[in-house]
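Overview (structure and organization)
Here's the letter readout for the chains.
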Amino acid sequence: MFFNRFQLLFAVCLMILMAFYFIDFSKYRGEPPNITPTTPERSHVSRSSVTRPLPGSCTCPQDSYILKDHLPKEQSEELKQRRAREFQLNKNRTTSVLSRLLFALPNSPLQYPIQGYTVQPLTSTVIPALGLHAEKRKSYKVVLSVSKGILTTEIQHQDVTVKGSGENKLIIESNNLVILNNLLAKVSYTSTIYHINTGDLATFQFENHEAVFPIAIKQPHIPVLYDIGTDISSQVTITTKTFLRYRELKVLLDSIRKFYNNIKVIIADDSLEPEPIHRENILYYIMPPAQGWFAGRNLAVSQVTTKYFLWVDDDFVFTEKTKIEKLVEVMEANPELDVVGGAVEENQFYFTLIYEEGKENEGGCLYRKSQGKFHSLPGYPQCFLTNGVVNFFLARTDAVQKVGFDPKLQRVAHSEFFMDGLGSLLVASCSHVSIGHQPKTANSQSSIYDKYRHPGENDEEFKLQLHFYKNNLKCITYG
């Protein structure tokens, strides 16, 4: 009798434990519930469960510029419609199936590559690590399918049935698991459409198990390398733009030659009446009058042939603390970096950019946070990562040329370059390298210079309108 009661008690306890096992406590802990059951009989990726949710509307702080309010009223609706069309075209150009969220579910007998499988367009490439690890069965059947290419494998054994070789759906069936895996190891993918940077998703199925893995389709880049030589002159070019400030420009050039005799200097000049500079190792380019800040930057940087360029304003002055070599050292030690800023008169200005995508039809929200930073660079505690720096910076020539400086911005422009480069340029700021700033002096052209130098309301309004359309922004905040 005691034994029977003990058995009954044991059975009740076991049932309680099993009930606790199958209860989904995640909803009480605020955790996401399981996507699918974890039984060995089922490991299926739900197509609907892997779609990224669309971004929600972003919130504009109280002191933001609401950009739609700065559009010309008579053109407002037309600009909104044009922006929406252009945004969709840009989205189609820049998004890929490889951005799709995929889940690797448990208890799957399927083996497949989860990262790093890259093929050249229109080129047959073996899919590595394909395999099936299943318990013994009378027969094994796997299905592979793709959408932008074809699948092929060898057929060398009579105990195997292969259907769809050379098509976008490949079926392999055999009663011998070893033979099946041998054929899986020889499956190749070939894209059927030429594209330099796209992707495909391959579906791999066995019974109720399904897996999806990415295939990156990329045309390899031909490397573009710079011979940095043995001295700073072969590594860096100094660039600047000038407008009606020849006295300051000459002071800058004299200070450069005091510390760097042979380094090349590139000057872009959009003055109303240019006064050409004729000095050794100086390239002087005359622009049409008053083309503006960013047009001059584009011209100067376009003529750089060294790996790096150092941007300076025409009223800066080199000092003993202007050690270009130290900035080069930081860049060479951190090859992922694209821009490294210094300090001007011990003022180390920098900022971070906080961007929320927002709804497509509304646009995103951008916040420029002054003196914002992330973390220090390994081995360089005096340097830290940020998103934008002052007008004294060393930059990787090819990286900056890809982003460029928008010539539409003539008078109000600096942060906008780093906004356009957000996500493309990795930026740092360092305190151990600085440059001087010349004291302001009165000159005969100061009134003309001030007319162009200090923007009016129309320039500010134009910049806000440009952010609305070009950057698809709902609002922008300066902090």
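Cut-offs used in this document
- Residues numbered from 1 in each chain as written.
- Predicted model: local features only at pLDDT ≥ 70, side-chain atom pairs only at ≥ 80, totals over all residues.
- Heavy atoms only, no water.
- Disulfide = S-S within 2.5 Å.
- Helix = DSSP H or I, 4+ residues; strand = E, 2+ residues; numbered from the N terminus.
- Pairing = 2+ DSSP bridges.
- Contact = heavy atoms within 4.5 Å.
- Axes fitted to C-alpha atoms, helices over the stretch in contact; angles between N-to-C directions.
- Patch = residues over 30% accessible without salt bridge, like charges linked within 9 Å, V, L, I, M, F, W, Y side chains within 5 Å.
- Areas by Shrake-Rupley, 256 points an atom, 1.4 Å probe, with all protein chains shown as cover.
- Salt bridge = Lys/Arg side-chain N within 4 Å of Asp/Glu carboxyl O.
- Buried < 20%, exposed > 50% of the residue type's maximum accessible area, 1.4 Å probe, protein only.
- Right-handed = clockwise from strand over helix to strand, strands pointing away.

An unreviewed UniProt entry lists the protein chain under the name Beta-1,4 N-acetylgalactosaminyltransferase 2, with Maylandia zebra as the source organism.

1. What to know about the state of the cysteines
Between two cysteines, a covalent bond joining their sulfur atoms is known as a disulfide. Scanning the entire structure with this criterion turns up three disulfides. Across the disulfide, Cys60 is cross-linked to Cys475 (sulfur-sulfur distance 2.1 Å). Looking down the S-S bond of the Cys60 and Cys475 bridge, the torsion is -95°, so its handedness is left-handed. A residue pair is termed long-range when its members are at least 10 positions apart, and Cys60 in the loop between helix H2 (26-29) and strand S1 (65-66) and Cys475 in strand S26 (residues 473-478) qualify at 415 residues.

2. As for the sheet that holds strand S12 (residues 209-218)
Across the sheet, which stays open at both edges, the six strands sit in the order S3-S12-S11-S6-S9-S8 with mixed pairing between neighbours. Two strands bound the open sheet, and with one partner strand each, they are strand S3 (118-119) and strand S8 (160-163). Where strand S11 (residues 197-206) and S12 come together, 10 bridges link them in antiparallel fashion. Paired with Asn197 across the bridge in S12 is Lys218. Most of the contacts of helix H4 (residues 177-184) go to strand S9 (residues 169-174), to which it runs at about 155°, and overall it touches strand S6 (140-145), S8, S9 and S11.

3. Section: a nonpolar patch on the surface
Together, Leu122, Tyr194 and Ile196 make up a nonpolar patch on the protein surface, roughly 320 Å² of accessible area in all. By the secondary structure assignment, Ile196 is in the loop between strand S10 (188-191) and S11.

4. Section: the pairing of strand S14 (residues 265-269)
Remark: a regular strand shows side chains that alternate across the two faces of the sheet. Along S14, five of the five residues are buried, which leaves the element largely enclosed by surrounding structure. The alternating pattern of S14 places Val265, Ile267 and Asp269 on one face and Ile266 and Ala268 on the opposite face, and all of these are buried. Bridge count between strand S13 (residues 236-242) and S14: five bridges; the pairing is parallel. Paired with Thr239 across the two strands is Ile266, which belongs to S14. Handedness of the β-α-β unit built from S13, helix H5 (residues 246-259) and S14 comes out right-handed.

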